[in-house]
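Coordinate analysis (summary)
Read off the chains here:
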Amino acid sequence: MPEPKVRKLLTVIEDVYHEGGTPVETPLKRGAILAVIENPFAGSYHEHIDGFMKDLEPLGLSMANKLVEALGGRDKIQGYGKGAIVGQGGELEHGALWHVPGGYAMRGALGDAKAIVPSTKKVGGPGARLDVPVTHINASYVRSHFDAMEVGLADAPRADEIVVALVMTTGSRIHARVGGLRAEDIKGEDGLR
């Protein structure tokens, strides 16, 4: 397969100081990086598509490293997630091609992240939005880090494009208080607890 053709990249960082309670001194940072790429399978059905995952790996790693840097370094990152929006000339399975290159890229950029990277995908037109789920990087059951970040671009995806997205956060939801496993109690054995 050919190298992915990137039309544009977008990086966005948000600082969250409160959700109605007392503002915190150090905000939660949520960051996303999106790439709008050409979908080489748009317009017709292709039986064999999985080779494109390997082609997406360098893009995934580049995006992950840029997002880590934008959020202040790997030691700051506590949560992550990924997603894809496939243009209407494609199919949902084309978004699934991002699972491996997006997930392994973030785990690689972060060094020793143990939890599976949560994911979502959909088919949509220009301006479509996607809620990317987020969990703790080392233990999926850390309830305080269950989060999401809405992403999208006004002019993408076009029918023959895919928007691939990575999301990272620097901590728990602001004012998290619904119990469950706490980050400081992670055992780090199985990616769950």
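From a predicted model like this one, the values you see are computed outputs, not experimental measurements.

Remarks on the layout of surface pockets
The rolling of a water-molecule-sized probe over the atoms marks out the regions of remaining empty space. By volume, the largest pocket amounts to about 160 Å³. Lining the largest pocket, in full, are Thr26, Pro27, Leu28, Lys29, Leu71, Gly72, Lys76, Thr170, Gly171, Ser172 and Ile174. Here the residues of the lining of the largest pocket are counted per class, giving 4 nonpolar, 5 polar and 2 charged.

A short note on the nonpolar core
It is characteristic of soluble globular proteins that their nonpolar side chains tend to be buried jointly. Ile37, Met63, Tyr80, Val164, Leu166 and Met168 are the most contacted members of the largest nonpolar core, which has 31 residues in total. If you list the elements that add at least two residues to this core, you get β2 (28–38), α1 (51–70), β3 (79–86), α3 (99–110) and β7 (161–169). Counting residues per element, this core draws most heavily on α1, which supplies 7 residues. Here Leu166 is in contact with Gly31, Ala32, Ile33, Gly60, Met63, Ala64, Leu67, Gly81, Lys82, Trp98, Gly102 and Met106, once residues within four sequence places are set aside.

Some words on unusual backbone geometry
With an omega dihedral of 0°, the bond running from Ala156 to Pro157 counts as a cis peptide bond. For Pro157, the location among the structural elements is in the loop between β6 (147–151) and β7. Non-glycine residue His175 carries a positive phi angle of around 65°. Structurally, the position occupied by His175 is in the segment after β7. Residue class for His175 comes out partly exposed when judged on its relative accessible area of 25%.

Cut-offs used in this document
Residues numbered from 1 in each chain as written. Predicted model: local features only at pLDDT ≥ 70, side-chain atom pairs only at ≥ 80, totals over all residues. Heavy atoms only, no water. 1 Å grid on protein atoms, 1.4 Å probe; cavity = no way out; pocket = protein on both sides within 12 Å on 5 of 7 lines; lining within 4 Å. Points joined across faces, edges and corners; volume = space filled by probe spheres on them. Nonpolar A, V, L, I, M, F, W, Y, C, P; charged D, E, K, R; others polar. Core = buried A, V, L, I, M, F, W, Y, C linked by side-chain atoms within 4.5 Å. Buried < 20%, exposed > 50% of the residue type's maximum accessible area, 1.4 Å probe, protein only. Helix = DSSP H or I, 4+ residues; strand = E, 2+ residues; numbered from the N terminus. Contact = heavy atoms within 4.5 Å.

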